[in-house]
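Structural description and commentary
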Amino acid sequence: MYHPDVNNYDTSDIQFKFEKVTITSAQNIFLSSWFSFKKRDNKTLVFFHGNAGNLNNRIYKLNEINKLDLNFLIISWRGFNGNSGKPTEDGLYQDAKKTIQWLEAKGIKKKNIILYGESLGTGVVLELAKDDIYAGVILESPYTSMVDMAKKFYPFLPVSILVKDSFQSRSKIKKNKSPILVMHGMMDTLVPFHMGKQLYQEANDPKYFYFPKSDNHMMQYTPPLIEALKKFIHSL
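**Focus: the side chain of Ser25**
- Counting through the fold element by element, Ser25 comes out in the loop between β1 (19–24) and β2 (30–36).
- At 3.2 Å, the side chain of Ser25 and the side chain of Arg78 are in polar contact.
- Every residue in contact with Ser25, bar those within four places of it in the chain, is listed here: Leu31, Arg78, Gln94, Asp95 and Lys98.

Following this line, the structure appears as structure tokens:
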């Protein structure tokens, strides 16, 4: 489930200014992170990445996010990007909660924070969003649960018993009261498109979607996707 050493994503040159920061999580684990702060009046987008690779693999996305009227913070999970610790469902939840606390200590309130989850990170975002109201929630290539994912790959195994980190996103989506944008490529070969569509259908209003016909799991930051992000952010 967790592949911190896999490096198979597009890499690009950094086109934004940022500060390397360290966020202290539970068990005294230090999370390498990048923080791009422009001005106090901006909303702050927090990017929670997927189950593989490191911060550099998301540069092509951050380059485009940087062009929006936002501050942004991207963290790396425990066990990723040279961080100590072992990734687990509870551990990632702790990492995310400590990240929000870190921002709050800087005077950035939840009402001005946009949560962005990429793949695995979508389950973490929904864990946060079920308990508090944020400026907005963005889910990229989300899944209904890791149990459902395991059933896809191992249909003849008792996966509900074997899967320890279940990330039950479907049961949490209805508890989210923040505006939400769900993005999912119809050609996703890893997380089936129907999972993202189902989460969108069960989400509360206000809700928005971007479902391109030709996109795969790691979505391309094409002009239509960027426009969908802009419209959502401007609606907040």
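**A short note on the nonpolar core**
- If you look at the biggest cluster of nonpolar residues, it comprises 44 residues, and the most contacted ones within it are Phe48, Leu73, Leu115 and Phe167.
- In this structure, Leu73 is in contact with Val21, Ile23, Ser33, Trp34, Phe35, Leu45, Val46, Phe47, Thr99, Trp102 and Leu103, ignoring residues within four places of it in sequence.
- Ranked by size, the runner-up nonpolar core spans 27 residues in total, among them Leu62, Ile65, Ala135 and Met183.

**Considering the side chain of Glu89**
- Turning to its location among the elements, Glu89 is positioned in helix α2 (residues 89–105).
- Although Glu89 lies buried, it forms no salt bridge, and the closest oppositely charged side chain, Lys172, sits 4.5 Å away as judged by the N-O distance.
- Within the structure, Glu89 has its side chain in polar contact with the side chain of Tyr93 (distance 2.7 Å).

**Thoughts on the pattern of salt bridges**
- Under the criterion given, the structure shown has 12 salt bridges.
- Here Lys67 and Glu64 are joined by a salt bridge, their closest N and O atoms 3.4 Å apart.
- For Glu202, the salt bridge identified is with Lys174, shortest N-O distance 3.9 Å. Taken as a pair, Glu202 in helix α7 (residues 193–202) and Lys174 in the loop between α6 (169–173) and β7 (180–183) lie far apart in primary sequence, 28 residues in all.
- Glu202 sits in the buried class, given a relative accessible area of 18%.
- Taken together, the shared-partner salt bridges in this structure form one network comprising Lys97, Glu127, Lys130, Asp131 and Lys172.

About the criteria used
Residues numbered from 1 in each chain as written. Predicted model: local features only at pLDDT ≥ 70, side-chain atom pairs only at ≥ 80, totals over all residues. Heavy atoms only, no water. Helix = DSSP H or I, 4+ residues; strand = E, 2+ residues; numbered from the N terminus. Polar contact = N/O pair within 3.5 Å; in protein donor to acceptor, adjacent residues only side chain to side chain. Contact = heavy atoms within 4.5 Å. Core = buried A, V, L, I, M, F, W, Y, C linked by side-chain atoms within 4.5 Å. Buried < 20%, exposed > 50% of the residue type's maximum accessible area, 1.4 Å probe, protein only. Lys, Arg positive; Asp, Glu negative; His and termini not counted. Salt bridge = Lys/Arg side-chain N within 4 Å of Asp/Glu carboxyl O.

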